[in-house]
Amino acid sequence: MTTPHVVVVMGVAGTGKTTIGPLLASRFGVPYAEADDFHPESNIAKMSAGTPLTDEDRQPWLDAIGAWAHGRAGLGGVVSCSALKRSYRDRLRAAAPDIVFVHLTGERALIEDRMAHRQGHFMPTALLDSQFATLQPLQADETGVAVDVTGTPDEITDRAVSALDGLAR
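Rules used throughout
Residues numbered from 1 in each chain as written. Predicted model: local features only at pLDDT ≥ 70, side-chain atom pairs only at ≥ 80, totals over all residues. Heavy atoms only, no water. UniProt positions renumbered as here; feature names shortened; annotations may be inferred. Axes fitted to C-alpha atoms, helices over the stretch in contact; angles between N-to-C directions. Helix = DSSP H or I, 4+ residues; strand = E, 2+ residues; numbered from the N terminus. Left-handed = near helix turned anticlockwise from the far one by under 90°. Contact = heavy atoms within 4.5 Å. Nonpolar A, V, L, I, M, F, W, Y, C, P; charged D, E, K, R; others polar. Buried < 20%, exposed > 50% of the residue type's maximum accessible area, 1.4 Å probe, protein only. Pairing = 2+ DSSP bridges.

The name an unreviewed UniProt entry assigns to the protein is Gluconokinase, from the organism Streptomyces ortus. Regarding the protein, the UniProt comment filed under Catalytic activity (unreviewed entry) reads as follows: "D-gluconate + ATP = 6-phospho-D-gluconate + ADP + H(+)". Annotation of the protein in UniProt includes, under Pathway (unreviewed entry), the sentence "Carbohydrate acid metabolism."

Shown next as structure tokens:
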């Protein structure tokens, strides 16, 4: 796949969005943006305290990501964003209609283990259940691919690139 697409790397916390996103961006030669950087401080404080965000909390965050994606239209880019609900993805698509989703998927036990071993992240493993409860996988009418997160970051990235190549055909 060649960009000018903006790729949104989505999935529950701990699937590797902030690892795979930059690797994909590097492969495509486009900028990477970290969704966590778009959160207002109030959202980070809430998550750090173990409190799940509400849809209302997420609106300015999604709008900021959507604005970034809109600004990259025709140029390409990769941004990580949990995008757990269809309504969140619809909001992103409203701002940037040509975005493509890469949904990182995996077994809960694997993801929990990865979360337990990562350093310096504000999302506690206690919120993983709420993430899985909220998750609405990509639907047939959404442009995107699901990619399993077992293996090394390079293996996962290879699978994502192959899936995106297949989507482009």
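Picking up after the structure, the text goes on.
Participant: Sorry, what's going on with the packing of helix H3 (residues 55–71) against helix H4 (residues 86–95) here?
Facilitator: For any two helices packed against each other, one specifies the crossing angle of their axes together with the interaxial distance. It is at 8 Å that the axes of H3 and H4 come closest, and there the two elements cross at 35°. Note that H3 runs across H4; the crossing there is right-handed. Contact residues: H3 offers Asp55, Arg58, Gln59, Leu62, Asp63, Ile65, Gly66, Ala67 and His70, while H4 offers Tyr88, Arg91, Leu92 and Ala95. Of the residues assigned to the contact of H3 with H4, the class counts are six nonpolar, three polar and four charged.

Participant: Is there a simple way to think about the pairing of strand E4 (residues 100–105) in this case?
Facilitator: Within a regular strand, the side chains alternate between the two sheet faces. Counting buried residues in E4 gives five out of six residues, a clear majority hidden from the surface. Of the pairings in the sheet, the one linking strand E1 (residues 6–10) to E4 comprises four bridges and is parallel in character. Each bridged residue has a counterpart across the sheet, and for methionine 10 the counterpart in E4 is histidine 103. In this structure, E4 lies alongside strand E5 (residues 144–148), joined through five bridges in parallel fashion. Bridged to histidine 103 within E5 is alanine 146.

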